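# Structural overview for review
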Protein chains: 2
Amino acid sequence: MSSATGQARELDLRELKRVCSNCSLKELCVPMGLNRGEVERLDKVVEASRSLHNGDHLFRKGDPMRSIYAVRSGTFKSYVINRDGEEQVIGFHLPGELVGLDAIHPDHHQCSVMALDTASACIMPFSQLSELAASIPGLQRQIMRLLSKEISSMVPRAADTTAEERMSGFLLDLSRRLGERGYSTSDLRLSMPRKDVANYLRLATETVSRVLRRFQDEGWIEVDRRDIRIVDSTALKSMVKGDDGEAQ
Amino acid sequence: MSSATGQARELDLRELKRVCSNCSLKELCVPMGLNRGEVERLDKVVEASRSLHNGDHLFRKGDPMRSIYAVRSGTFKSYVINRDGEEQVIGFHLPGELVGLDAIHPDHHQCSVMALDTASACIMPFSQLSELAASIPGLQRQIMRLLSKEISSMVPRAADTTAEERMSGFLLDLSRRLGERGYSTSDLRLSMPRKDVANYLRLATETVSRVLRRFQDEGWIEVDRRDIRIVDSTALKSMVKGDDGEAQ
DNA sequence: CGGCACTTTGAGATTATTCAAGATAGGTGG
DNA sequence: CCACCTATCTTGAATAATCTCAAAGTGCCG
């Protein structure tokens, strides 16, 4: 979804549709029925990052907030360093997902975001997005929706307390998110080491390893290093106590 | 900040300033330098809830999202019911804080919000706020900031893993938030039972009780039922591993 | 003065962590 | 191509933390 130079606009729009069809940024335009001119104006402010590799940073904590990012390929992790100098993994970001939304408020990034493998991102300068939102009806509301969605998405994780609950919650969450972007929901390739999974789930690395083995022994998953096949998602779901989805 | 009938507008603005001086909703107008007419337009869409009592709901999960709420007095808790039919406390909401921001995205509330004592809230109909945002420069951006702030606020809690870390983190967070609204940072009155604190921190009620006792034995706090005095906040701070606040 | 909800305390069971050691895969240089 | 090296991952045993179950203490309200 790189910005075009002007000619062959029609082609660009087709390319845009292909690459972005599974991207969260598309929610900024498509569903609100923006017209052709509005989509083009929006597209013009989006650029692509260079290719990043394992360990490269998209941005670091404290950097001034200039853009909203959408993962284009690969996986990222966001983290902060705590008072003891230890890393605290906050989340993982899959293709099509947005990153950096927490930084609008203080104008500076609140966490660092690092590539876990070969990865790239789309960059949407926030000031321009902000200006556009003021002039394109519906865009403003869509941005608010995206932010709100981000808030709601943090709720379910809080519910799981035991190692097995957290682990199955993690696998199911990953599976669902991959599915939403058109990937397999049963064959997952973890792009992060066990250490990062453990850190994210607030468990010891050894515990992650043991829980995965337990799940495998039960016949719920098949583990081959970082490849995980979900065999019995129903069993995994019965582990997590997450929100029942019903109104109360 | 109740809507006036028209006359004595000057008085209303003074009353508005008094009641709302510590309120998060004020960030929607004051800092962006809205002019007098804009503030009045904003004020006109805000109304106050009736008085609520312990156990009353501000809204329930699944309710259509019509408004953003700001706690005016008292305390609220937000929660969901999990698949086992157990309550999961998501958070507590103090005077001046916003509630319901997670519901913009799916148009329905994602959790239930209940009063813990005698409480009331300001109600800002979202459709009208949305319309105003389209016509008042800066308001749109302020709303985004509030949403973004909400996202960042969920990060630090994730870091604490042990019961003592969570408990001191909870006390310090409460102390800070009360301080931000002009209350004492050392003398806290918990308006929620131990059970809710425990649930929120994902601990057993007994563990909460024991950790509080341990803190008291160390001379860090004084506990008298739901009144807690923070004697040595430095000691408490040394317990939590939260984000170091520095750029990386 | 009960009754009731909340809170505290104790003892044993469970769960997860830490420490220590071994296994495995991927990359590197000979 | 193979041996080696290092990261990562797994496994085991002992330790520590938290939970569960059970019971007793406390304050509040009718």
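Residues numbered from 1 in each chain as written. Chains lettered and ligands numbered in written order. Predicted model: local features only at pLDDT ≥ 70, side-chain atom pairs only at ≥ 80, totals over all residues. Heavy atoms only, no water.

## Re the protein's contact with DNA strand C
The condition is simple: By convention in these notes, a residue is near a molecule or strand provided one of its non-hydrogen atoms lies within 4 Å of it. Throughout this description, a polar contact denotes any pair of N or O atoms lying within 3.5 Å of each other; where both atoms belong to protein, one of them has to be capable of donating a hydrogen while the other can accept it, and for residues adjacent in sequence the pair is counted only when both atoms sit in side chains. Runs of E in the DSSP output that reach at least two residues are strands. Runs of H or I that reach at least four are helices, and both are numbered from the N terminus. When residues are sorted by character, Ala, Val, Leu, Ile, Met, Phe, Trp, Tyr, Cys and Pro go into the nonpolar class, Asp, Glu, Lys and Arg into the charged class, and all the rest, Gly among them, into the polar class.
In the vicinity of DNA strand C, 17 residues are found, and the nearest of them are Ala163 and Thr207 of chain A together with Arg194, Ser209 and Arg213 of chain B. In DNA strand C, atoms within 4 Å of the protein come 58% from sugar and phosphate. Contacts to DNA strand C include Arg213 of chain B, whose side-chain N or O atom sits 2.6 Å from a phosphate oxygen. With respect to DNA strand C, the side chain of Arg226 of chain B contributes an N or O atom lying 3.1 Å from a phosphate oxygen. Elements supplying a minimum of two residues to the surface near DNA strand C: α7 (205–217) of chain A together with α6 (194–201) and α7 (205–217) of chain B. Residue contributions to the surface near DNA strand C peak at four residues, all from α7 of chain B. Taken together, the residues of the surface near DNA strand C sort by class into four nonpolar, three polar and ten charged.

## Structural notes on the sheet that holds strand β5 (residues 87–93) of chain B
Residue and element names in this part refer to chain B. For clarity, the threshold we go by: Pairing between two strands is assigned when DSSP locates at least 2 bridges connecting them. Every axis corresponds to a line fitted to the C-alpha atoms, with the helix fit spanning only the stretch in contact, and the corresponding angles, defined between N-to-C directions, vary from 0 to 180 degrees. Any pair of residues with heavy atoms lying within 4.5 Å of one another is described as a contacting pair.
Within the open sheet, the four strands sit side by side as β2-β7-β4-β5. Their pairing is antiparallel. Two strands lie at the open edges of the sheet, namely β2 (57–59) and β5, each paired on one side alone. Here the average twist between neighbouring strands, direction ignored, is 30 degrees. Examined bridge by bridge, β2 and strand β7 (residues 112–115) share two bridges and lie antiparallel to one another. Opposite Phe59, over in β7, you have Val113 as the bridge partner. Sheet strands in contact with α6 are β4 (76–81) and β5, and its direction is about 100 degrees off that of β5.

## A closer look at the protein's contact with DNA strand D
Neighbouring residues of DNA strand D: 15 residues in total, closest Arg194, Ser209 and Arg213 of chain A together with Ala163 and Thr207 of chain B. Within 4 Å of the protein, the atoms of DNA strand D are drawn from sugar and phosphate moieties in a proportion of 58%. Taking Arg194 of chain A, its main chain carries an N or O atom lying 2.7 Å from a phosphate oxygen of DNA strand D. Arg210 of chain B is positioned with one of its side-chain polar atoms (N or O) 3.0 Å from a base oxygen of DNA strand D. Looking at which element gives the most residues to the surface near DNA strand D, the answer is α7 of chain A, with four residues. Class assignment for the residues of the surface near DNA strand D results in four nonpolar, three polar and eight charged.

## Overview of the relation of the copies chain A and chain B
For clarity, the threshold we go by: Overlaid copies result from least-squares superposition on C-alpha atoms, with residues included only where pLDDT is at least 70 in both.
Mapping chain A onto chain B calls for a screw motion: a turn of 180 degrees about the axis and a shift of 0.0 Å along it, with 0.0 Å RMSD after fitting. In the structure described here, the two chain copies are related by an operation that fits a two-fold rotation axis. When C-alpha distances to the rotation axis are compared across chain A, the minimum falls at Ile151 of chain A, with a value of 2.8 Å. Comparing interface residues between copies, 100% of those in chain A also sit at the interface in chain B, which points to an isologous, same-surface contact.

## Examining the interface of chain A and chain B
The condition is simple: Criterion for a salt bridge: a side-chain nitrogen of Lys or Arg within 4 Å of a carboxyl oxygen of Asp or Glu.
In this complex, chain A contributes 52 residues to the contact, which on the side of chain B involves 52 residues. Our enumeration of links across chain A and chain B arrives at two salt bridges. Of the charged contacts in the structure, one is a salt bridge between Asp107 of chain A and Arg145 of chain B, with a shortest N-O distance of 3.6 Å. Inspection of the region where chain A meets chain B yields 16 residue pairs in polar contact (both at pLDDT 80 or more). Secondary-structure elements contributing two or more residues to the side of chain A that touches chain B are β4 (76–81), β5 (87–93), α3 (126–135) and α4 (139–153) of chain A. Take the side of chain A that touches chain B: its biggest share by element is eleven residues, from α4 of chain A. Counted by class, the side of chain A that touches chain B contains 20 nonpolar, 14 polar and 18 charged residues.

## What to know about α4 of chain A
The test is simple: One less than the number of residues in a helix, times 1.5 Å, gives the span that helix is expected to have. Burial classes: relative accessible area under 20% of the type maximum marks a residue as buried, over 50% as exposed, and values in between as partly exposed (1.4 Å probe, protein chains only).
Across its 15 residues, α4 of chain A extends 21 Å between first and last C-alpha, which sits within 8% of the 21 Å expected from 1.5 Å per residue. A large share of α4 of chain A lies buried, amounting to eleven of its 15 residues.

## Quick notes on the side chain of Ser191 of chain A
Residue and element names in this part refer to chain A. Relative to the elements of secondary structure, Ser191 occurs in the loop between β9 (187–189) and α6 (194–201). Note on Ser191: relative accessible area 13%, which makes it buried. There is a polar contact of 2.8 Å between the side chain of Ser191 and the side chain of Thr75. Residues in contact with Ser191, not counting those within four places in the same chain, are Thr75, Leu116, Asp117 and Arg226.

## A few points about the nonpolar core
Spelled out, the test is: In plain words, nonpolar cores are sets of buried Ala, Val, Leu, Ile, Met, Phe, Trp, Tyr and Cys residues tied together by side-chain atoms within 4.5 Å.
Formed by 44 residues in total, the largest nonpolar core has its most connected members in Leu147 of chain A together with Leu147 of chain B. Contributing elements (two or more residues each) for this core: β3 (67–73), β8 (120–125), α3 and α4 of chain A together with β3 (67–73), β8 (120–125), α3 (126–135) and α4 (139–153) of chain B. Dropping the residues within four chain positions of it, Leu147 of chain B is found in contact with Met144, Leu147 and Ile151 of chain A together with Leu101 and Ile104 of chain B.

## Notes on the packing of aromatic side chains
Heads up, the condition is: Any two of the Phe, Tyr and Trp rings considered here, Trp counted by its six-membered ring, make a pair once their centres fall within 6.5 Å; the pair's planes then place it as stacked at under 30 degrees, edge-to-face at over 60, or tilted in between. Charge-over-ring contacts are defined here by two conditions on Lys NZ or Arg CZ: a distance within 6 Å of the ring centre and an angle within 35 degrees of the ring normal.
Enumeration over the complete set of coordinates arrives at ten aromatic pairs over all chains. Plain terms: the ring middles of Phe170 of chain A and Tyr200 of chain A are 5.9 Å apart, the flat faces sit at 55 degrees to each other, and that makes the pair tilted. In this pair, Phe170 of chain A is assigned in helix α5 (residues 163–180) and Tyr200 of chain A in helix α6, connecting sequence segments 30 residues apart. Neither Phe170 of chain A nor Tyr200 of chain A differs from the other in exposure class; each is buried. Ring geometry for Phe215 of chain B against Trp220 of chain B: centres 5.5 Å apart, planes inclined by 45 degrees, an arrangement best described as tilted. As far as burial versus exposure is concerned, Phe215 of chain B and Trp220 of chain B are alike and both buried. Across the ring face of Tyr79 of chain A, the terminal group of Lys77 of chain A is positioned such that the distance to the ring centre comes to 5.7 Å.

## Section: the pairing of strand β7 (residues 112–115) of chain A
Residues and elements named next belong to chain A. Side chains of β7 alternate between two faces, with Ser112 and Met114 and Val113 and Ala115 buried alike. As judged from the four bridges shared by β4 and β7, these two strands associate in the antiparallel manner. The residue of β7 that forms the bridge with Phe76 is Ala115.

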